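# Tertiary structure, described
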Amino acid sequence: MQLQSRNHARRRGAILTAQGLRKLNQAKSQTEIEQDFKRYTLETLSEKTGLTPNTLSKVFIGSAGVDKRTLESCFRAFNLTLETQDYLYVNPQMGELAEICSIPHSQQLCATYLSCDSRLETPCDRSTTAQTHKKHQSQESLQPRPPALPGGQMPMDSSLYINRPPLESLCYKAIEQPGATINILAPKQMGKTSLIARILAHAKTLGYHTVSVSLQLADAEILQNLERLLQWFCTRVSKKLGLANAIPNRDNILASKSNATDYFEDVLLANLDRPLAIAIDELSQLFAYPNIANEFLALLRVWSEQAKQSDADSNPWHNLRLVMVYSTEILLPVSINQSLLNAGLAIELPEFTPAQVQQLADRYGQEMTLQQTKQLIALLGGHPYRLQLAFYHLQQGTMTLEELLENSAKSVALYADHLQQQWWNLQQYPDLLPCFTQIVMQSTPVDCEAAQGSQLQKMGLVHLQGLQACLACELFRLFLGDRTQHTPPSPMNQERCNQA
């Protein structure tokens, strides 16, 4: 009888309400911020709460009910108290009506309806279903469902995002400084956009206004005309801030650097009650127009410097923070003043380390030996997208690890689009082809002229060891080998690249 009583006390079927889930997530996020943004995984949450990862998944997703003590343990781990408004029972039977009676009347009705015949559709049923659906959408970082096909910005709550310390914390600290400028550079698909999203999310936790503007949305006729570019930029920022009506009617009012500066100072910054963080993505779109790029970058530099010229109380520019992002496949023309891109904090995203590759494998549920990890890095490098795509297909069962590591035609086919993009990038710079051909043909490092080696490294094609270069990953050799060997090198460039 005593055992029956104990089992009855641990009534299952409790899930968090929208309010309870929000409280728990906010407390978890605040703790992550206090720990230099070290994100909680199911494993670390298990250590903190004493609950199994499977149970924690149920709590955060709401996929199945748990007992009340489990919810209390989760709340207690983050110094919270579970209140009656924070949970409800999905199957109010076996004496659970006593618990429901303590819930406010509006939630009592919903909780009771959940035990009724599912054919009886009520507004409350639909509301509760929608609430549960939102829980599923907002907790992807804790659910074991297969992830989406890799590519593009990684969701903020994805557990598949791998931190690269100390880069994230450096960016978070920098964005807090008046007039801050952060420059993020790397080849495509290295995680730049995902990092931008996290910087802006951190800015939001500080109460900042945030705006993201991509120059990829600007037509060529805008990018090659400074007046049109300034008009477009001011308009985009204003619209994102919900201040579209503040834009003057005359088209030419924002057409000069001084007018655009006045507009930012007098209309935007002066009327904002808190700092403004602007992320400018795909800045490399301007590199095709060096004169325009120099003018625009110089203007942004002036704006950043103005934040440091006087007291914050009388200086609207004190509220401005800039994040500039560009891909390094598009090489910076010599006519662009590179110092304009060196102001502030420069972040060059590195490839994943072996430890980070292993961490990613764990999150995909893939068991790998140290030797297999080394083989995978040799094949794919530490490139985030290539690794994500590999683990995705391993998890889906469309390829085995052994098949992938063979570096066969099947592996190349998996990365066909990515490899074709690398080949296209390289073809835009014919002077680099002879040197790269030598690197592809040799399994040992190759002596390479400093400028060419640096350019190939920025494109993500090689790794440099002093003045010697080696292929960034073996996957390139099979795909690019035949193509580069059919490109005849010029005598001048052949002299620059000699085998070590």
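What counts and how
- Residues numbered from 1 in each chain as written.
- Predicted model: local features only at pLDDT ≥ 70, side-chain atom pairs only at ≥ 80, totals over all residues.
- Heavy atoms only, no water.
- Core = buried A, V, L, I, M, F, W, Y, C linked by side-chain atoms within 4.5 Å.
- Buried < 20%, exposed > 50% of the residue type's maximum accessible area, 1.4 Å probe, protein only.
- Helix = DSSP H or I, 4+ residues; strand = E, 2+ residues; numbered from the N terminus.
- Contact = heavy atoms within 4.5 Å.
- Axes fitted to C-alpha atoms, helices over the stretch in contact; angles between N-to-C directions.
- Parallel < 35°, antiparallel > 145°, perpendicular 65-115°, else oblique.
- Left-handed = near helix turned anticlockwise from the far one by under 90°.
- Nonpolar A, V, L, I, M, F, W, Y, C, P; charged D, E, K, R; others polar.
- Pairing = 2+ DSSP bridges.
- Salt bridge = Lys/Arg side-chain N within 4 Å of Asp/Glu carboxyl O.
- Phe/Tyr/Trp six-rings, centres within 6.5 Å; stacked < 30°, edge-to-face > 60°.
- Lys NZ or Arg CZ within 6 Å of the ring centre and 35° of its normal.
- pLDDT = per-residue confidence, 0-100.

All right, on to the nonpolar core then. In this structure, Ile-184, Phe-391, Tyr-415, Phe-436 and Leu-456 are the most contacted members of the largest nonpolar core, which totals 72 residues. The element best represented in this core is helix α17 (residues 384-396), accounting for seven residues. Here Leu-456 is in contact with Leu-426, Leu-432, Cys-435, Phe-436, Ile-439, Leu-461 and Val-462, once residues within four sequence places are set aside. The next biggest cluster of nonpolar side chains, apart from the first, holds 43 residues, and it includes Val-237, Leu-283, Leu-286 and Ile-292.

To continue, consider the packing of helix α12 (residues 226-240) against helix α14 (residues 290-306). Two packed helices can be described by the angle between their axes and the distance between those axes. Two elements in contact, α12 and α14, have axes whose closest approach is 10 Å; the angle formed by their N-to-C orientations is 45°. With respect to their mutual orientation, α12 and α14 come out oblique. Crossing hand, α12 versus α14: right-handed. Touching Leu-226, Leu-229, Leu-230 and Phe-233 of α12 are Ile-292, Glu-295, Phe-296, Leu-299 and Trp-303, all from α14. Here the residues of the contact of α12 with α14 sort into eight nonpolar, no polar and one charged.

This paragraph deals with the side chain of Ser-411. With respect to the helices, strands and loops of the structure, Ser-411 is situated in helix α19 (residues 409-414). Residue Ser-411 is classed as buried on the basis of its relative accessible area of 0%. Dropping the residues within four chain positions of it, Ser-411 is found in contact with Met-399, Glu-403, Leu-404 and Leu-475.

Turning to the sheet that holds strand β6 (residues 320-327), a few remarks are in order. Pairing within the open sheet is parallel, and its five strands lie in the order β4-β5-β6-β3-β7. Since the sheet does not close on itself, it has two edges, and those belong to β4 (209-214) and β7 (345-348), each with one partner. With strand direction ignored, the average angle separating the axes of adjacent strands in the sheet is 15°. Of the pairings in the sheet, the one linking strand β5 (residues 276-281) to β6 comprises five bridges and is parallel in character. Following the sheet pairing, Leu-276 is matched in β6 by Leu-320. Strand contacts of helix α10 (residues 192-205): β3 (181-186), β4, β5 and β6, with the helix running at about 175° to β5, the strand carrying the most contacts.

All told, the structure shown has nine salt bridges when counted by the stated rule. In this structure, Lys-188 and Glu-282 form a salt bridge, with 3.8 Å as the shortest nitrogen-oxygen distance. Here the residue Lys-188 occupies a position in the loop between β3 and α10, and Glu-282 occupies one in the loop between β5 and α14, the gap between them amounting to 94 residues. Overall, the relative accessible area of 33% leaves Lys-188 in the partly exposed class. Across the pair Lys-257 and Glu-295 runs a salt bridge, and its minimum N-O distance is 2.6 Å.

Right, let's talk about unusual backbone geometry for a bit. Residue Pro-166 is reached from Pro-165 by a cis peptide bond, and omega for that bond is 5°. Topologically, Pro-166 is positioned in the loop between α8 (123-138) and α9 (167-174). With a phi angle near 60°, Asn-79 is a residue other than glycine that sits in the positive phi range. A positive phi angle is found at Gln-189, which is not glycine, with a value near 65°.

In this section: the packing of aromatic side chains. Scanning the model with the defined rule gives eight aromatic pairs in all. Here the aromatic rings of Tyr-87 and Tyr-89 are separated by 6.1 Å at their centres, their planes lie at 85°, and the arrangement is edge-to-face. Classification of Tyr-89 by relative accessible area gives buried; the value is 1%. Ring geometry for Phe-233 versus Phe-296: centroids 5.4 Å apart, planes at 80°, classification edge-to-face. Highlighted residues: Phe-233 in helix α12 and Phe-296 in helix α14, separated in sequence by 63 residues. The burial state of Phe-233 is the same as that of Phe-296; both residues are buried. Across the ring face of Phe-78, the terminal group of Lys-48 is positioned such that the distance to the ring centre comes to 5.3 Å. Positioned above the aromatic ring of Phe-479 is the side chain of Arg-483, whose terminal nitrogen or guanidinium carbon lies 3.8 Å from the ring centre.

On average, the protein chain scores 82 in pLDDT, and the residues at 70 or more come to 79%. Across residues 1-10 the pLDDT falls below 50, and counting only partners more than four positions away or on other chains, this stretch makes five contacts in the model. Ignoring residues within four places in sequence, the model shows residues 92-145, a span with pLDDT below 50, making 82 contacts including any to other chains.

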